[in-house]
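# Chain and residue survey
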Amino acid sequence: MDVYKIVVIGDKDAGKSTLIGKIATLTKSVSKARINEAKKESKKLGKDFEPAFILDAFKEEREKGLTIDTTAVEVLYKNVAFQFIDVPGHESLIKNMLSGASNAEIGVVVISAKQGEGLARETKLHIKLANMLGIDKFIFFINKMDTNDYSKEKAIEIWNETHNFLLPSINDIKYIGFVPGSALNGDNILKRSSKITWYKGGSLMECLYDLVKSDKKIGKNMPTIITLQGTFEDKIFGKIISGDIKQNKYYHLMPDNKKVSIDEYKKNGSSVSLKISELDKSDIYGKVLVEDKNDVTVSGNINAKMFFIKKPEKRFYISFLGKKYKASLNYRGNKKKLVFINGTIKLEENIAYQSFNKIKELGRFAIYDENLNFNGFGIIN
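Bear in mind that the values here come from a model prediction, so they are computed numbers and not experimental data. (Residues numbered from 1 in each chain as written. Predicted model: local features only at pLDDT ≥ 70, side-chain atom pairs only at ≥ 80, totals over all residues. Heavy atoms only, no water.)

## A look at the confidence of the model for the protein
Per-residue pLDDT for the protein has a mean of 79; in total, 78% of the residues score no lower than 70. Helix H3 (residues 59–64) is the least confidently modelled element of the protein, averaging 39 in pLDDT, while strand E5 (residues 137–143) averages 94, the highest of any element. Here residues 56–70 is modelled with pLDDT under 50, and outside its nearest four sequence neighbours on either side it reaches 39 contacts, counting other chains as well. Here residues 89–93 scores under 50 on pLDDT; set against residues more than four positions off or in separate chains, the count is 16 contacts. (pLDDT = per-residue confidence, 0-100. Helix = DSSP H or I, 4+ residues; strand = E, 2+ residues; numbered from the N terminus. Contact = heavy atoms within 4.5 Å.)

As structure tokens, this is what we get:
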């Protein structure tokens with residue numbers, strides 16, 4: 001069964017954890033023991049039952065109302081499996097947000113309709129970063145509608161502000177949904193709420209279900225591309241990015257441009273173990289197997305969009321397909337953190353890559369500083 005990964009993003013006060021906690025309880029995807037534990041913790045802190053406590057396992061998170069790390073909860077809805085990833089909303093925890101969003105397919109953006117909250121600066125940053133990471137389908141959940149008597153005017157005000165913010169990047173987004181509701185009260189989460197009669201669309205889960213059902217996966221008629229990820233004894237482990245695998249067929253090992261044949265293989269979904277007698281197993285990291293060498297581009301000069309958590313250095317490292325490469329960038333700027341750059345980086349070795357828009361797995365990389373501290377990510381144009 002496919003599991004669709006949904007990253008839930010937004011400001012730290014928007015109610016992301018509450019929303020995921022409520023989804024988990026309504027779909028009965030969490031044990032009664034976990035719910036009872038959350039109820040006890042709520043009572044200790046003098047609060048009504050808070051669904052967010054189902055996710056926020058750390059004592060510090062419960063007391064301060066702040067999600068520190070990423071948390072994932074799997075739920076089953078109409079026989080479709082969804083994994084909801086809760087990520088921290090505070091700007092100082094941006095590294096954790098990036099790790100949570102990097103593998104998601106859909107973004108649920110939570111925006112608070114409570115007076116004085118709304119579309120926050122952190123939320124705008126999250127949307128921009130998620131879109132850079134390849135998320136091009138967003139559902140905007142306008143939360144805390146119970147605080148303004150489910151006002152249509154307030155929801156439209158927030159939606160207009162959000163839509164105006166999206167306009168510059170609207171061509172990079174394939175789907176935009178809009179659902180007003182209340183995570184705390186469960187309005188418009190599984191079923192349409194009778195309290196929001198002016199809203200004629202589906203609930204949040206109905207919208208997600210319709211969206212993933214219409215999603216088209218990469219077919220097996222695509223060219224075969226396999227990333228190599230590790231070894232054990234005489235086996236090489238990889239992941240099939242597209243196409244399918246055939247025994248006794250020649251493939252190109254890139255960027256080496258070496259022809260090899262697969263002696264044996266075992267496949268489990270997209271994961272595969274290979275036996276390739278003529279391949280040096282000590283030198284597989286960062287490599288890909290392709291049917292046609294023209295299915296990838298080989299170069300040491302990479303044009304990319306990059307996001308740096310702190311001020312970029314002229315020399316740094318990128319991590320691509322599990323291997324770190326020394327890189328340099330001709331950059332001039334005074335900003336110390338959260339820098340977006342569109343430019344060309346020069347690597348000391350060639351890599352085999354593709355445009356991020358064509359094949360995501362071959363078009364993204366992580367950035368590390370000279371001391372190998374994480375400092376951002378990039379996508380290849």
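## Some points on the pairing of strand E9 (residues 250–254)
On a regular strand, one side chain projects to one face of the sheet and the next to the other, so that they alternate. Most of E9 is tucked away, with four of its five residues classed as buried. As paired strands, E9 and strand E10 (residues 258–261) are joined by four bridges and run antiparallel to one another. Bridge assignment links Leu253 to a residue of E10, and that residue is Lys258. The hairpin turn running from E9 into E10, its antiparallel successor, is three residues long, and Asn257 in that turn takes a positive phi close to 55 degrees. Examined bridge by bridge, E9 and strand E13 (residues 288–290) share three bridges and lie antiparallel to one another. If you follow His252 over to E13, its bridge partner there is Val290. (Buried < 20%, exposed > 50% of the residue type's maximum accessible area, 1.4 Å probe, protein only. Pairing = 2+ DSSP bridges.)

## Brief notes about the side chain of His252
With respect to the helices and strands, the residue His252 is situated in strand E9. The residues touching His252, leaving out its near neighbours within four places in the chain, are Asn257, Lys258, Lys259, Val288, Leu289, Val290, Glu291, Asp292 and Lys293.

## A few points about helix H5 (residues 121–132)
Taking 1.5 Å as the rise per residue, H5 with 12 residues should run 16 Å; its terminal C-alpha atoms sit 17 Å apart, in good agreement. In terms of residue burial, H5 counts as a mostly covered element, since nine of its 12 residues are buried. Among the residues of H5, those classed as buried are Glu122, Thr123, Leu125, His126, Ile127, Leu129, Ala130, Asn131 and Met132. (Expected span 1.5 Å × (residues − 1).)

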